[in-house]
Amino acid sequence: MMNFNIQPILENEKVRLQPLKKEDFEALYALASDPKIWEQHPQKNRWKKEEFDKFFEGAMVSKGAFKMIDKETGKMIGSTRFYDYNEEEDIIFIGYTFFTREYWGTGINPSVKSLMMNYILQFVSKVGFHVGAHNIRSQIAVGRIGGEKTAEQEVAYFGESPQINFIYEITKSKWESMNL
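Now for a quick tour of the structure.

**Regarding the sheet that holds strand β4 (residues 76-86)**
Across the sheet, which stays open at both edges, the eight strands sit in the order β1-β2-β3-β4-β5-β6-β8-β7 with mixed pairing between neighbours. Each of the sheet's edge strands pairs with one partner strand only, and the pair in question is β1 (10-11) and β7 (148-155). Across two bridges, β1 lies against strand β2 (residues 15-19) in antiparallel orientation. Paired with Glu 11 across the strands is Arg 16, a residue of β2. Set on the sheet, helix α5 (residues 136-144) makes contact with β6 (126-132) and β8 (163-171); between it and β6 the angle comes to about 160°.

Listed below in structure tokens is the structure:
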């Protein structure tokens, strides 16, 4: 049983993470309807409304999903979430992250991940990431924040067919040593 909140409001100087709500669907889908965002993801058709609907439903079921707001403009720029908490292994996953293309390469992704890691590592000893085997952009991004590939696994995302994913992990001690 979780003894912490996986959907708090989190913010730093660049971004604010707010709990994703059902009424955010249309605004978030407007951002997600760009096929380029999903071209390296295991589920390449999430830009289609019927596929994105499954993604969004999974976000709601996770109870750990966020909308990301650019603090400078006040605009929603994407989504991310905490999910799959495993008490025995003392791990939680961060993922299902996407940004509009205008934010690619701007430093917003490491800023969001840092915000999430600093919060959640108060409660767990490690964080995991499922990254599609062909999602080179995300593999590089997770590696840049200290993620180490620990396994390969077939993962069935909510309502979607299973795909091969790489599992990356960052331990609390490694994160703390990198961020002192």
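**Observations regarding the pairing of strand β3 (residues 65-70)**
Of all six residues that make up β3, six are buried, and the element is covered over most of its length. Neither face of β3 is open: one carries Ala 65, Lys 67 and Ile 69, the other Phe 66, Met 68 and Asp 70, and all of them are buried. Looking at chain direction, β2 and β3 are connected through five bridges and run antiparallel. Its bridge partner lying in β3, Val 15 is registered against Asp 70. Relative to β4, β3 runs antiparallel, the two sharing five bridges. Within the sheet, the bridge partner assigned to Lys 67 lies in β4 and is Ser 79. Once β3 ends, the chain turns through five residues before running back antiparallel as β4, passing Gly 74 with a positive phi of about 80°.

Parameters at a glance
Residues numbered from 1 in each chain as written. Predicted model: local features only at pLDDT ≥ 70, side-chain atom pairs only at ≥ 80, totals over all residues. Heavy atoms only, no water. Pairing = 2+ DSSP bridges. Helix = DSSP H or I, 4+ residues; strand = E, 2+ residues; numbered from the N terminus. Contact = heavy atoms within 4.5 Å. Axes fitted to C-alpha atoms, helices over the stretch in contact; angles between N-to-C directions. Buried < 20%, exposed > 50% of the residue type's maximum accessible area, 1.4 Å probe, protein only.

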